[in-house]
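Coordinates in review
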Amino acid sequence: MERGGRDHRTHCTERGVKTYTCSTCDATKTEIVGATGHSFGDWTEVEDHHERTCSACHDVESGDHAWSFKETLKEATCSETGSELHECSVCHATKTELVPMQEHTFTDWMENDANTHKNVCSICGYVKTESHDWDEGTVTGATCTENGTITYECKTCDATKTETIEAKGHSFGNWTEVGDHHERTCSNCQKVEEEDHEWGEGVVTTEPTCTERGVTVYTCTKCDATKTEIVGATGHSFGDWTEKDGNEHTRVCSKCQTSETEAHSWDGGEITSEPTCTENGTITYTCAYCEATKTEIVGANGHHLTEWIYFDKDTHRNNCDVCDHFEEGTHTWTTNGPSEDGLTTYICGGCNATKVEATVTAETDGGSATVSGDTISDILSQMEGSADEKRVSIDTAGMGKVVLDQNSVSGLTSADAIVDLTFGEGTLTISKDVLNTVSDGTSPISISMNGVQKEELTDAQKEAVGNGLVFRFEASAGDEKIHELGGTVTVSVKYEPKEGEDVSALKAYYVDDEGELHLVGGYYDGSGHFVFDTDHFSYYVVKGAQENGGGDDGDMTVYVAVAAVAIILLAVLGFVYMRRH
């Protein structure tokens, strides 16, 4: 009786051994046990193949994809390729294959041009061309004088072409001399042809010289007739021209040594020194025969001016696009009046520049007028755009003093606006440069224009100004008075000319503490105002050139313009702009 045997473990690919033992006598026997074989899982796609793994021994088996058609993704046409989806029958991986374009469906061949015929795809319009396939042709024979023809027909498209068979031409005999010509006869049609003699090169029987004639005998190349002609003198054989002087050149005959002289033949010239807008240049001419040269002055080109462009509040310029020169003109502003939002837009007739103006009435408080940053900010926001000039007019409402707070000054500076301050006695126009210079970034600006008594002047100043119109500006940023402005302020003060007064002689003068007058200039504008520019705040007087100082009669009106100009404009302008945007 046998007991159960012991296994020597089997493998997926190798056989095992099983041992049995007799339960009675302990005898043993062994048997071979077959390999178990792999226990593979599902196939999985791995790049360009698929694999599966034995769960028992972890061996990996790989194989190529077994592709088969699954579905059409895009139908192929005769103008575009198509595409199909293929699937591996083992691991179900997919790939897309291109499907070649289909063949065209052509119409019958038709003539395209003299050399080709064509047929057209009825589906996509593709045109295929080939050369004509001509047959042997049909011949119409030629005669001595008339051409024949041969007509070919294309075997494919029935196009035709005709070629000319040149006339055979006559079959003439030899030429024979007949007086002043020669003749010959066609052996086919008996046509007689006559021609003038065709003389050969001739033989010189008497040699000509530079100045004397010779004799040449010519023989007809066809019929042997002869003629004799006089040969003209050979003429001189001159060498190269050489410069004789500034006007002429000369040359010598190499045969007889005769010389001749001619005027130079100048070329078009070459610029050797370029002219500029204002300075002459030079051009050098060379004789075409003897290489003599001469130099002439080329006039200055003159300036090449561009169109007028905006320069500043008063002027426009046109610049020379060659040099630094420019011309300057005064703006000629025109307008259709204020718009609904209170802004007035002007256009310059000279340079097409634009400027936008707005008027702000200051708020009164006691003896001064004030303008808030919010008021200025609202006006400037309406002016946003591409105007070349922005101008804000501030009406002090009859007050002699106006105060601009920090935000007002900053807003005007950031907008690059020009400011007009209108008082009862005149107007101050403050440039952008002045606002930027006097602003200290923290303090308000005050500006005043008030009348003062003559007694406030020193004796020296009274004597200097005489009966002229005197005024004074004071500018302050906070508590600090400012005299040097770093730019230009335009002053326009009311001025009523005296009867018979020569207003063209009026001038503005700066009056210093010692009573000395310093000429500033200016002009009477013809409408009740005297206008001048200044970059310094102090005493000024307007008077004629013939007036003498020291007079104590008459009503001398003295005005003081106390201009307190806040230094804050740049910083606050940036603040207002950032707050609004």
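Residues numbered from 1 in each chain as written. Predicted model: local features only at pLDDT ≥ 70, side-chain atom pairs only at ≥ 80, totals over all residues. Heavy atoms only, no water.

**Side note on helix H2 (residues 406-414)**
Residues separated by three or four positions in an α-helix point in the same direction, a consequence of the helix having 3.6 residues per turn. The condition is simple: The classification of residues rests on relative accessible area computed with a 1.4 Å probe and restricted to protein chains. Under 20% of the type maximum is buried, over 50% is exposed, and intermediate values are partly exposed. Starting at the N terminus, helices and strands are each numbered in turn, a helix being any DSSP run of H or I of at least four residues and a strand any DSSP run of E of at least two. Any N or O atom pair separated by 3.5 Å or less is treated as a polar contact, with the protein-specific requirement of one donor-capable and one acceptor-capable atom, and with residues adjacent in sequence counted only for side-chain atom pairs.
Taken together, the buried positions of H2 are Ser-408, Val-409, Ser-410, Gly-411, Leu-412 and Thr-413. Capping the start of H2, Asp-405 holds a side-chain oxygen 3.3 Å from the backbone nitrogen of Asn-407, two or three residues further along. Where H2 ends, the next residue or the one after it, Asp-416, has phi of about 55°, a positive value.

**Brief notes about the confidence of the model for the chain**
Heads up, the condition is: Residue-level confidence of the predictor, termed pLDDT, takes values from 0 up to 100. Residue contacts are counted whenever heavy atoms from the two residues lie within 4.5 Å of one another.
When pLDDT is averaged along the chain, the result is 84, and 91% of the positions lie at 70 or above. The element-level mean pLDDT for the chain is lowest in helix H5 (residues 569-580), coming to 34, with strand E26 (residues 281-286) highest at 95. Contacts of residues 550-581 to residues separated by more than four positions or lying in other chains number 148 contacts, the stretch itself having pLDDT below 50.

**Let's talk about the sheet that holds strand E25 (residues 270-273)**
Going by this rule: Only strands that DSSP links by at least two bridges are regarded as paired with each other. Axes, fitted as lines to C-alpha atoms, cover a helix only where it is in contact. Angles between the N-to-C directions of the axes lie from 0 to 180 degrees.
Spatially, the three strands line up as an open sheet ordered E25-E26-E27, and their pairing is antiparallel. Unpaired on one side and paired on the other, E25 and strand E27 (293-298) mark the two borders of the sheet. Each adjacent strand pair in this sheet contributes to an overall mean axis angle of 35°, direction not counted. Two elements, E25 and E26, share three bridges in a ladder whose sense is antiparallel. In the sheet register, Glu-270 faces E26, and the bridge partner there is Thr-284.

**Notes on unusual backbone geometry**
Positive phi, close to 65°, is recorded for Asn-352, a residue that is not glycine. The topology assignment puts Asn-352 in the loop between strand E32 (344-348) and strand E33 (354-361). Of note, the phi angle at Asp-416 is positive, near 55°, even though the residue is not glycine.

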